[in-house]
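Observations on chain architecture
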Amino acid sequence: MDWIILVISILVIWVASICKILMLSLFPSSVEHFNNGDVLGRKAFLLVIAHPDDESMFFTPTINYLTSRGHDIHVICLSTGNADGIGKIRKDELYKACGTLKVPLSQVAVVDHPELQDGFGKVWNHTLIAKFVEESIKAHDIDTVITFDSFGVSGHCNHRDVNYGVRKLLLDCPQIGIEAWELISTNILRKYSGPLDIWLSSYMAWHHRDRKPLCLINEHPLRSFRAMAQHESQWVWFRKLFVSFSSYTFVNTLQRIQV
């Protein structure tokens, strides 16, 4: 009997979570994050990722928030995802996914450098990462950088190196004058709680409001599924399950990178 009550309770919360997301898709939040007080509030963002599909698996709540409010978003992917020898295919898939997410293809860049190749156990050159990010910032007059935190959601070494590279840039070039935010990694229970995590993420952002984290609920979750489906080479059964049950499909919590 107890387990039946538990299952029903989870289902009720799940439905309530979906309803809240659907309400936000119809009536977007009027809260303006990332607004530094400018009259227009429009800013230029640079999303720094490690592999094609990172944008669709982890960052779509953030991307959808920014594009729906008219912000200018650029994406730099620091590898072609060539671990299986299909880097060219994955690069093309990234362009398709970004188009689905309403990011102009002219604002998507993919790096293919011998010291930044996809793979577990491959340590990336942090100085080189900082160089590529700095070039993008200057080329596009970027105000704000968004990337992984030091755990990188999944613990992938390439994700973590991206964070270290951005931090190195902030340390070595404080005069560059940008904001940098990182996507907070959660524990495995929250990671696979799907839309249920919107409540806990919202509470945690409120509870730690002294750190001023940003909780961004995905206002267009179906767009996230369509974007990930553009990565046809990666759209296998376990990634379909991941996108369906990952909290990162439904909510992102960002915190300011402090160096």
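The sections below set out a description of the structure shown in this document. All figures in this text were calculated on a predicted structure; none of them were measured in a lab. (Residues numbered from 1 in each chain as written. Predicted model: local features only at pLDDT ≥ 70, side-chain atom pairs only at ≥ 80, totals over all residues. Heavy atoms only, no water.)

1. Digging into the overall build of the protein
A tally of regular secondary structure across the protein gives ten helices and seven strands. Split into buried and exposed, the 259 residues of the protein put 50% on the buried side. For the protein, the proportion of contacts with a sequence separation of at least 24, taken over those separated by at least 6, is 81%. Put simply, the protein shows about 12,600 Å² of open surface, and 61% of that area lies on carbon and sulfur atoms. (Helix = DSSP H or I, 4+ residues; strand = E, 2+ residues; numbered from the N terminus. Buried < 20%, exposed > 50% of the residue type's maximum accessible area, 1.4 Å probe, protein only. Contact = heavy atoms within 4.5 Å. Areas by Shrake-Rupley, 256 points an atom, 1.4 Å probe, with all protein chains shown as cover.)

2. Brief notes about empty space enclosed by the protein
Over the atoms, a rolling probe the size of a water molecule traces out where space has been left empty. In the structure shown here, the tally under the stated rule is one cavity of 30 Å³ or more. Its boundaries defined by the atoms lining it, the largest cavity holds a volume of some 50 Å³. Looking at the lining of the largest cavity, the elements with two or more residues in it are α8 (197-207) and β7 (251-256). Examining the composition of the lining of the largest cavity, we find that three residues originate from one element, β7, more than from any other. (1 Å grid on protein atoms, 1.4 Å probe; cavity = no way out; pocket = protein on both sides within 12 Å on 5 of 7 lines; lining within 4 Å. Points joined across faces, edges and corners; volume = space filled by probe spheres on them.)

3. Describing the nonpolar core
In this structure, Phe-58, Phe-59, Val-103 and Ile-146 are the most contacted members of the largest nonpolar core, which totals 32 residues. Residues Phe-132, Leu-170, Ile-176 and Ile-257 belong to the second largest nonpolar core, which totals 26 residues. (Core = buried A, V, L, I, M, F, W, Y, C linked by side-chain atoms within 4.5 Å.)

4. What to know about the packing of aromatic side chains
In this structure the tally under the stated criterion is seven aromatic pairs. Where Phe-58 meets Phe-242, the ring centres are 6.0 Å apart and the plane angle is 80 degrees; that geometry is what we call edge-to-face. Pair noted here: Phe-58 is in helix α2 (residues 54-58) and Phe-242 is in helix α10 (residues 237-245), with a separation of 184 residues, a long-range link. Across the pair, exposure class does not vary: Phe-58 and Phe-242 are buried alike. Ring centres of Tyr-203 and Trp-206 lie 6.0 Å apart, and the angle between their planes is 40 degrees; on these two criteria the pair is classed as tilted. One end of the pair, Tyr-203, and the other, Trp-206, are both in helix α8, three residues apart, so they sit about a helical turn from each other. The partly exposed category is assigned to Trp-206, whose relative accessible area is 48%. A network of ring pairs unites the aromatic residues Phe-58, Phe-59, Phe-148, Tyr-192, Phe-242 and Tyr-248 as a single cluster. (Phe/Tyr/Trp six-rings, centres within 6.5 Å; stacked < 30°, edge-to-face > 60°.)

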